[in-house]
Amino acid sequence: PMTLILTGIPGLAVSSPWVAVPLCCLYVLMLLGNCSLLWAIRAEHALHTPMFQFLSMLALADLGLSLCTLPTVLAVFCVPAAPLPFRACLAQMYFIHTFSAIESGVLVAMAFDRFVAICHPLCYGSVLSGSLVARAGVLIVLRGTCVVLPVAVLMARMPFCRARVLSHSFCLHQDMLRLACGDVRPSSWYGLSAVILTKGLDSLAILLSYVLILRAILGTVSPGARAKAFSTCICHLCAVLLFYIPLISLSVIHRFGKHLAPLIPTLLADAYLLVPPVLNPLVYSWKTKQIRRRILLLLCRR
């Protein structure tokens, strides 16, 4: 059976404990942060609102995205030239891109939540009902799974006849496509279309929502009301920037930056898959008093 070789950080020894130990710490911090966030939202009745229900979905997407890469990332830095069966690599690629599309959809839902809360506060309870939040969650998951599925099907039919060494410690579509033989245009163009139809449209929807939010905030007479309204968007803005900046940079480099040093796409890919799941719980815990209080109570009990 065909296997692919995963690589670590260029210029460093593959089986390096100096890299494996910090990565383990990041994964532990990610698990503790997102699980604590989910527990705090479930335990605190005041957090049973649409905004924090969407935040729970974001934490679950972060957990799924990070756990997809955990086995191979740690294996690469503990075992020299770690081989991975093609089907396992294909499954990892599918789940990485699926959870990424789900997280992008959740960020759009959170932007819509902030738009309704700031621009139409009197209609917030009637518009964002519990049934609407549940339907939005199901739709986001279905969109992610269905859009990415043809990418995996097309990749499974591609022949591989070149060097089977990937550029990262996990499997991504463009990285696997680089090793394929034959006509790769259908898979490449569908992958590009899937990115545009999901993350491209999602980023435009988020941008539009914040244009409307900014117009509503600037139309508020009281400076205190402006500051309070804007402070409710800071956490979401941080989550959007942490997710989209590495994602867009990595997509551009994979398609147009083939002359760049191999270290740049490697670091961007690691930042794209590790930084948002680690920092999102910290940002929301820092800005939300109820979450911070629940986590402190949990730590005091321990």
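Quick summary incoming for the structure in this document. Predicted, not measured: the structure shown is a model, and the values here were computed from it.

Our next topic: helix α3 (residues 86-119). Between its first and last C-alpha atoms α3 spans 49 Å; for 34 residues at 1.5 Å apiece the expected length is 50 Å, and the two agree. Within α3, 25 of the 34 residues are buried, which leaves the element mostly enclosed by the surrounding structure.

Turning to the packing of aromatic side chains, a few remarks are in order. Under the definition given, this model contains four aromatic pairs. A ring pair is formed by F112 and F115, whose centres lie 6.4 Å apart and whose planes are at 35°; its orientation type is tilted. Of this pair, F112 and F115 both sit in helix α3, separated by three residues, roughly a single helical turn. We classify F112 as partly exposed; its relative accessible area is 38%. Between F243 and Y272, the ring centres sit 6.1 Å apart and the planes meet at 55°, which makes this aromatic pair tilted. In this pair, F243 is assigned in helix α9 (residues 234-256) and Y272 in helix α10 (residues 263-287), connecting sequence segments 29 residues apart. Residue F243 shares its accessibility class with Y272, and that shared class is buried.

Turning to the nonpolar core, a few remarks are in order. Core analysis: the biggest nonpolar cluster contains 82 residues, and L55, L107, M176 and I291 have the highest contact counts within it. Setting aside anything within four residues of it in sequence, one finds I291 in contact with L37, A40, I41, L47, F52, L55, Y284 and S285.

Calculation rules
Residues numbered from 1 in each chain as written. Predicted model: local features only at pLDDT ≥ 70, side-chain atom pairs only at ≥ 80, totals over all residues. Heavy atoms only, no water. Helix = DSSP H or I, 4+ residues; strand = E, 2+ residues; numbered from the N terminus. Expected span 1.5 Å × (residues − 1). Buried < 20%, exposed > 50% of the residue type's maximum accessible area, 1.4 Å probe, protein only. Phe/Tyr/Trp six-rings, centres within 6.5 Å; stacked < 30°, edge-to-face > 60°. Core = buried A, V, L, I, M, F, W, Y, C linked by side-chain atoms within 4.5 Å. Contact = heavy atoms within 4.5 Å.

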